[in-house]
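Observations on the model geometry
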Amino acid sequence: MKDQTKITFWGGLDTIGGNIVSIQFKDYRIITDFGALAGVNIMDLLSKETTHSHLALGQLPAISGLYPKAAIGDFELESFEESALNTIVCLSHLHLDHLGAFGQLPEELPIYALEEAVDFYKQLEKTSLLPSYAVNWQKVTAESTLQHGPFEIVFHESDHDTVGAASIFIKTPDFKIVYSGDFRLSGFHPEKVLNWAQKAHEFDADLFLVEGTTFSHFASEPNPVDVALAEVTHSINSPNEIKLMNSIEAIAQEHSEQLIAFNGYPQNIERLLVLAELFTTLGRTLVMDQTYFELMKPYLTGYLNVKYLLIDGNASIEVTDEAVSLEMLREMPQHYILQFDYERHEHVFTLPAGVYFHSNGMPLGSYMAEYEPYVRRFVEAGWEFYHANVSGHASQSDLLLVNYLTQAKLVVPWHTFKPDFYGQAIEEIGLQTWLPEYHVEYTAAELSDMIK
Ligand SMILES: [Zn+2]
Ligand SMILES: [Zn+2]
């Protein structure tokens, strides 16, 4: 039989995250991405001592020729060392649901990601904001072609709430695939998403693997915790990043005499940078949690007023003029905006209460037990509590727009709890969808036959 492309899905078809697909042509193979399967604890995936038991329990995809022999043990699966396949992993972005199983991979296996993502990973690793994975990182430049045997792979910049997010185009001798990665049109760079979607159209993709996070939830009765908290808090939750910044600016100007506090998501470094810029122009200094300050350092430009907080207890660190003490915050609260992490926030309650922005920081929402007591503690301490979130994922209408722009011949809606519901919406705009099954090897010819 003629050589052809073979595609197998290993995770993420009906859940958010853990999206794993393998694409093979002769003895060359690409795997993208490699996060934890749904329900598997990321911390349990750090060591190869657990590979065998995870495989036995179905908590790792049983992909042949991928795991080191020593880690597989007596589980019946061809090892990386025994395999004749040339395998690489391509990574769309630095979220744990896309890279959380990297600890299970052989150290020499090449992992390709945009250079911005690899550099940012090194920063996140250094500051322990992501686990340390002993893997073979390879940097890719956006829009340049990476050749892997018969595969031509191009990473295009995208927009998601992390640095270096990409959409990945894969061309084989008989098939063209676009892997969307996670994306949104509501970030600081919607043009990047529209650019790759247009390129995907020109690429004439046969298959579009497209995320659908926001197609997972239906309008339902509001959570009683949220209803109760709404009475004592305010919301500037926004449809996009720019609107959020405008709202923060307006509130900051109304409270020019008070301390402002901010709890955000560390990987959304652009929001932190724009925040630093905004408060620099408002004459305040952004005082960061020291870990975040280390993370941000390579991205800070000279004119920004950004320093870090010196807390009692981290006195071991060298005190420089980049440090601000709690005493300084108490004396001149109106000169600062304090950024902090949930893991280290006790000191906030020793400061004069002001305005607090909860901006996609931990705890994320009312589905987490610690959320309600956390919010109430701020309110009771006299803080004006603002919900200040923007989603990292495209809205339903934006997802459909990108699908329509891409015009792929066949669309796999995944990275959603409701692939059928999402698929139906894609069909309604005139595109053909397909819901694959796990662990089945589909050939390019079979898929081409399906296309109407
Ligand atoms: Zn994801
Ligand atoms: Zn993501």
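Every chain's residues receive numbers from 1 upward, in the order its sequence appears when written. Here the convention is simple: chains get letters from A, ligands get numbers from 1, in the order in which they are written. Side-chain atom pairs in this predicted model are given and counted only at pLDDT of 80 or more, local residue features only at pLDDT of at least 70, and totals for whole chains, interfaces and linings cover all residues. As a rule here, side-chain values come from all non-hydrogen atoms in the structure, and water together with hydrogens is ignored.

A few words on the layout of surface pockets. Put simply, the second largest pocket is a space of about 290 Å³. Looking at the second largest pocket, it is lined by 20 residues, and the ones nearest its centre are Thr162, Val163, Gly164, Lys192 and Glu270. When residues in the lining of the second largest pocket are grouped by element, the largest group, three residues, is from helix 8 (residues 269–281). Taken together, the residues of the lining of the second largest pocket break down into six nonpolar, seven polar and seven charged. Note that the domain bounds reflect an automated or database-derived domain assignment. Two domains each provide a minimum of three residues to the lining of the second largest pocket, namely domain 1 (6–212 + 393–450) and domain 2 (224–387). Any residue with an atom within 4 Å of a point lines the site, the site being either a cavity, points on a 1 Å grid over the protein atoms alone where a 1.4 Å probe fits but cannot get out, or a pocket, an open set with protein on both sides within 12 Å along at least 5 of 7 lines. Grid points are joined across faces, edges and corners, and a volume is the space filled by probe spheres set on the points. Strands here mean DSSP runs of E at least two residues long; helices mean DSSP runs of H or I at least four residues long; both are numbered from the N terminus. Amino acids are sorted into nonpolar (Ala, Val, Leu, Ile, Met, Phe, Trp, Tyr, Cys and Pro), charged (Asp, Glu, Lys and Arg) and polar (every other residue, Gly among them).

Another point: the coordination of the zinc ion (ligand 2). Metal coordination angles have textbook ideals: 109.5 degrees for a tetrahedral set of four donors and 90 or 180 degrees for an octahedral set of six. A donor here means any N, O or S atom no more than 2.8 Å from the metal (3.2 Å for Na, K and Ca); water is not included, so a site may seem to lack partners. Protein ligation of the zinc ion (ligand 2) involves His93 (NE2), His95 (ND1), His160 (NE2) and Asp182 (OD), the donor distances falling in the range 2.1 to 2.4 Å. Tetrahedral means four donors with every angle between 85 and 135 degrees, whereas square planar (four donors) and octahedral (six donors) require angles over 155 degrees between opposite donors and between 65 and 115 for all others; sites fitting neither are termed irregular. For the zinc ion (ligand 2), the four donor atoms in the first shell make angles of 88 to 169° at the metal, a pattern classed as irregular. Between the donor residues of the zinc ion (ligand 2), the gaps in sequence give the motif H-x1-H-x64-H-x21-D. Taken as an interatomic distance, the gap from the zinc ion (ligand 2) to the zinc ion (ligand 1) is 3.4 Å; Asp182 donates to each of them. Taken as a pair, His93 in the loop between strand 4 (86–90) and helix 3 (96–99) and His160 in the loop between strand 8 (151–157) and strand 9 (166–172) lie far apart in primary sequence, 67 residues in all. Accessibility classification places His93 together with His160 in one group, the buried group. Using a 1.4 Å probe on the protein chains alone, a residue whose accessible area is under 20% of its type maximum counts as buried, one over 50% counts as exposed, and one in between counts as partly exposed.

Time to look at the coordination of the zinc ion (ligand 1). The protein atoms that coordinate the zinc ion (ligand 1) are Asp97 (OD), His98 (NE2), Asp182 (OD) and His415 (NE2), at distances of 2.1 to 2.2 Å. With four donor atoms in place around the zinc ion (ligand 1) and angles of 92 to 160° between them, the coordination shape is irregular. On the basis of relative accessibility, which here comes to 22%, the residue Asp97 falls in the partly exposed class.

For this analysis, a ring pair means two rings from Phe, Tyr or Trp (six-membered ring only for Trp) whose centres lie within 6.5 Å, classed as stacked if their planes differ by under 30 degrees, edge-to-face if by over 60, and tilted for the remaining angles. In this structure the tally under the stated criterion is 27 aromatic pairs. Taken together, a centroid distance of 5.2 Å and an interplanar angle of 50° make the contact between Phe293 and Tyr308 tilted. You can see Phe293 sitting in helix 9 (residues 290–296) and its partner Tyr308 sitting in strand 15 (residues 306–310), a full 15 residues away along the chain. Judged by relative accessible area, which is 2%, Phe293 ranks as buried. An angle of 10° between the planes, with centres 6.1 Å apart, marks the rings of Phe340 and Phe378 as stacked. With Phe340 in the loop between strand 17 (336–339) and strand 18 (355–359) and Phe378 in helix 11 (residues 371–380), the pair connects residues that are 38 residues apart, well separated along the chain. Each member of the pair, Phe340 together with Phe378, is buried. Through a chain of ring-to-ring contacts, the aromatic side chains of Phe340, Tyr342, Phe349, Tyr356, Tyr374, Phe378, Trp383 and Phe385 assemble into a single cluster.

The six strands lie next to each other as 7-8-9-10-11-20, forming an open sheet whose pairing is mixed. Two strands bound the open sheet, and with one partner strand each, they are strand 7 (145–148) and strand 20 (410–414). For this sheet, the mean inter-axis angle between neighbouring strands, taken without regard to orientation, is 20°. At least two bridges found by DSSP between two strands is the condition for calling them paired. Judged from the five bridges that link them, strand 11 (residues 207–211) and strand 20 form a sheet pairing that is parallel. Paired with Val210 across the two strands is Pro413, which belongs to strand 20. Note on contacts: a residue pair qualifies if any of its non-hydrogen atoms lie within 4.5 Å across the two residues. A fitted line through C-alpha atoms represents every axis, and for helices the fit uses only the stretch in contact; the resulting angles, taken between N-to-C directions, go from 0 to 180 degrees. Running over the sheet, helix 12 (residues 396–406) touches strand 11 and strand 20 and is turned about 165° from strand 11.

Domain annotation for the protein reports domain 1 (6–212 + 393–450) and domain 2 (224–387). The straight-line distance from the C-alpha centre of domain 1 to that of domain 2 is 34 Å. Taken together, the contacts link 17 residues of domain 1 with 18 residues of domain 2. Two parts placed together each lose some accessible area under a 1.4 Å probe, and the buried area is that loss summed for both. Carbon and sulfur atoms make up 64% of the surface buried where domain 1 meets domain 2, a total of about 1,500 Å² over both sides. If you sort the residues of domain 1 by the area they bury against domain 2, Gln123, Leu129 and Phe188 come out on top, with a joint share of 39%. When a carboxyl oxygen of Asp or Glu lies within 4 Å of a side-chain nitrogen of Lys or Arg, that pair is called a salt bridge. A salt bridge links Glu241 to Arg184; the shortest N-O distance between them is 2.9 Å. Any pair of N or O atoms that falls within 3.5 Å is considered a polar contact. Within protein, one atom must be able to donate a hydrogen and the other to accept it, and sequence-neighbouring residues count only if both atoms are side-chain atoms. Linking domain 1 with domain 2 are eight residue pairs in polar contact (both at pLDDT 80 or more), by the criterion used here.

Moving on: the pairing of strand 19 (residues 384–387). Inspection of the sheet shows strand 12 (residues 234–235) paired to strand 19 by two bridges, in the parallel sense. Looking across to strand 19, one finds that Ser235 is bridged to His387. Summarising the sheet, strand 18 and strand 19 pair through four bridges and their orientation is parallel. Note on strand 19: the bridge partner recorded for Val355 is Glu384. You can see the chain leave strand 18, run along helix 11 and come back into strand 19, and the turn it takes is right-handed. A crossover gets the label right-handed when its path from the first strand over the helix to the second runs clockwise, viewed with the strands pointing away from the viewer.

For the rest of this paragraph, the subject is the sheet that holds strand 2 (residues 20–25). The sheet built from seven strands is open, its strands ordered 6-5-4-3-2-1-21 with mixed pairing. Every other strand in the sheet has two partners, leaving strand 6 (136–140) and strand 21 (442–443) as the edge strands with one partner each. Of the strand pairs in this sheet, strand 5 (residues 110–114) and strand 6 are connected by five bridges, and their pairing is parallel. Within the sheet, the bridge partner assigned to Ala113 lies in strand 6 and is Lys139. Packing against the sheet, helix 4 (residues 115–126) makes contact with strand 5 and strand 6, and its axis sits at approximately 140° to strand 6.

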